[in-house]
Amino acid sequence: MNVATCSMLRFHFPILNFTKPLISTRFNMRLLSVRNSPASYISTTTTEPAKSKKNEPWLIVGLGNPGKKYAATRHNVGFEMVDAIAEAEGISMSSVSFKALFGKGFIGDVPVLLAKPQTFMNASGESVGAIVSYYKIPLKQVIVIFDDMDLPFAKLRLLSKGGHGGHNGMKSVINHLKGNSGFPRLRIGIGRPPGKMDPISFVIRQFTKQEREELNFTLQHDGLEVVRIILLEGFDKGAKFVNTAKKVEQIG
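Structural notes, computed from the coordinates.

Definitions and limits used
- Every chain is numbered on its own, with residues counted from 1 as its sequence reads.
- Since the coordinates come from a predicted model, pLDDT governs what is reported: local features require at least 70, and pairs of side-chain atoms require 80 or more to be given and counted, while whole-chain, interface and lining totals use all residues.
- For side-chain calculations, the full set of non-hydrogen atoms in the structure is used, while hydrogens and water are omitted.
- Only protein atoms enter the 1 Å grid used here, on which a cavity is any set of points holding a 1.4 Å probe that cannot leave and a pocket is any open set flanked by protein within 12 Å on both sides along at least five of seven lines; residues with an atom within 4 Å of a point are listed as lining.
- Grid points are joined across faces, edges and corners, and a volume is the space filled by probe spheres set on the points.
- Secondary structure is summarised from DSSP: a helix means a run of H or I of at least four residues, a strand means a run of E of at least two, and numbering begins at the N terminus for each.
- Partly exposed residues are those whose accessible area sits between 20% and 50% of the maximum for their type, while under 20% is buried and over 50% is exposed, using a 1.4 Å probe and protein chains only.
- The rule for pairing is simple: two strands pair if DSSP sees at least two bridges between them.
- In the analysis that follows, any N or O atom pair within 3.5 Å is treated as a polar contact, provided that within protein one partner can donate a hydrogen and the other can accept it, and provided that, for residues neighboring in sequence, both atoms belong to side chains.
- Whether two residues touch is decided by their heavy atoms; if any such pair falls within 4.5 Å, the residues are in contact.
- Salt bridge, as used here, is a side-chain nitrogen of Lys or Arg placed within 4 Å of a carboxyl oxygen of Asp or Glu.
- Pairing of aromatic side chains requires ring centres within 6.5 Å, counting the rings of Phe and Tyr and the six-membered ring of Trp. Pairs whose planes differ by under 30 degrees are stacked, by over 60 edge-to-face, and all others tilted.
- Any Lys NZ or Arg CZ found within 6 Å of a ring centre and within 35 degrees of that ring's normal is scored as a charge over the ring.

1. Considerations on the layout of surface pockets
Phase 1 of the analysis: For the largest pocket, the calculated volume is near 450 Å³.
Phase 2 of the analysis: For the largest pocket, the lining is made up of 23 residues, of which M149, G165, G166, H167 and N168 are closest to its centre.
Phase 3 of the analysis: For the lining of the largest pocket, the secondary structure elements donating two or more residues are β5 (142-148), β7 (185-189) and α5 (199-203).

What follows is the structure in structure tokens.
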């Protein structure tokens, strides 16, 4: 997999201006405060993520590869989930910051940052680490979304923490968070390669028409719903929504 970075893009650090005036002011004041704080930006706690305090920002990152060659492939379902969130919540992803396509907005009254790293999958952590560092976002409020061959196609699984499981994008993210893996991750099943197909060839393969319909339904319904539940009602309720045997059965 090509791990080259997008050298032609110009990156900058954005000033966050949200569309809801009262919340926007408090959020920007909080960001200014945490940037000037001497405390370390990465929490080493391994407790399960809980519901955030009102107006604390969340970072939602989808992993994938940039460019038309990789668009709509299995390795890019993380990008697609972030696009679904952005469209549903009216969040623009038009800016380029922190080596990522970057957006800011709200889910309910909770401020969120959306990011799709443009560094290629194997170097995703360069972008994620920079965002977490700049805004000092607690790891319990960083949700990373990525593809998983160990899950049946279009199934979702939400975990509060864990290793990289051999996924190079996740490996890079953990490395750039100083080895800390105590952040939520939403895994999207892409199934196993058929026959003896090489896994690398499989993950950059596009979907059949039937797969595309099934995946779109999962992202736009259960995917959106679980993200909203996590932010507005708490991680445990979100995990229950997607991880119970009954729910997995319904998705299939």
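2. Points about the pairing of β7
Phase 1 of the analysis: Most of β7 is tucked away, with five of its five residues classed as buried.
Phase 2 of the analysis: Where β5 lies against β7, five bridges are found, and the strand directions are parallel. Of the residues in β7, the one forming a bridge with D148 is G189.
Phase 3 of the analysis: For strand β6 (residues 156-159) and β7, the ladder comprises four bridges, and the chain directions are antiparallel. The partner of R157 across the bridge, within β7, is R187.

3. With respect to the side chain of S172
Phase 1 of the analysis: Note that S172 resides in helix α4 (residues 168-176).
Phase 2 of the analysis: Residue S172 is classed as buried on the basis of its relative accessible area of 5%.
Phase 3 of the analysis: Polar contacts involving the side chain of S172 include one to the main-chain carbonyl oxygen of N122, which spans 3.5 Å.
Phase 4 of the analysis: For S172, the residues in contact, after removing those within four places along its chain, are N122, A123, S124, G125 and E126.

4. Points about the environment of G125
Phase 1 of the analysis: On the secondary structure map, G125 appears in helix α3 (residues 124-135).
Phase 2 of the analysis: Sequence-wise, G125 and N168 are 43 residues apart; in three dimensions their C-alpha atoms are separated by 9.8 Å.

5. Quick notes on α4
Since the α-helix packs 3.6 residues into each turn, any two residues three or four apart lie on the same face.
Phase 1 of the analysis: All buried positions along α4 are accounted for by G169, M170, S172, V173 and I174.
Phase 2 of the analysis: Check the buried side of α4 and you find it contacts α3, β5 and β7.
Phase 3 of the analysis: Looking one or two places after α4, you find K178, whose phi comes out positive at around 60 degrees.

6. Structural notes on the pattern of salt bridges
Phase 1 of the analysis: In this structure the tally under the stated criterion is eight salt bridges.
Phase 2 of the analysis: Linking E80 and R212 is a salt bridge whose minimum nitrogen-to-oxygen distance equals 2.7 Å. Taken together, the residues E80 in helix α2 (residues 77-89) and R212 in helix α6 (residues 209-233) connect sequence positions 132 residues apart.
Phase 3 of the analysis: Residue E80 is classed as buried on the basis of its relative accessible area, which comes to 16%.
Phase 4 of the analysis: Judged by relative accessible area, R212 falls into the partly exposed class, the value being 21%.
Phase 5 of the analysis: Across the pair D83 and K116 runs a salt bridge whose closest N-O atoms are separated by 2.8 Å. Here K116 lies in strand β4 (residues 110-117) and D83 lies in helix α2, a separation of 33 residues in the sequence.

7. Things to note about the packing of aromatic side chains
How two aromatic rings sit relative to each other is set out by the distance from centre to centre and by the angle between their planes.
Phase 1 of the analysis: One pass over the structure, following the stated rule, counts six aromatic pairs.
Phase 2 of the analysis: Aromatic pair F98 and Y135: ring centres 5.8 Å apart, planes at 65 degrees, arrangement edge-to-face. One end of the pair, F98, is in the loop between β2 (95-97) and β3 (100-107); the other, Y135, is in helix α3, with 37 residues separating them in the sequence. Here F98 and Y135 have matching classes, each one buried.
Phase 3 of the analysis: Taken together, the ring pairs connect F98, F102, Y134 and Y135 into an aromatic cluster.
Phase 4 of the analysis: Across from the ring centre of F79, 5.3 Å away, lies the NZ or CZ of K116, which sits over that ring.
Phase 5 of the analysis: In this structure, R185 is placed above the aromatic ring of F183, and the distance from its NZ or CZ to the ring centre is 4.5 Å.

The quantities given are spatial measurements derived from coordinates; they are silent on function.
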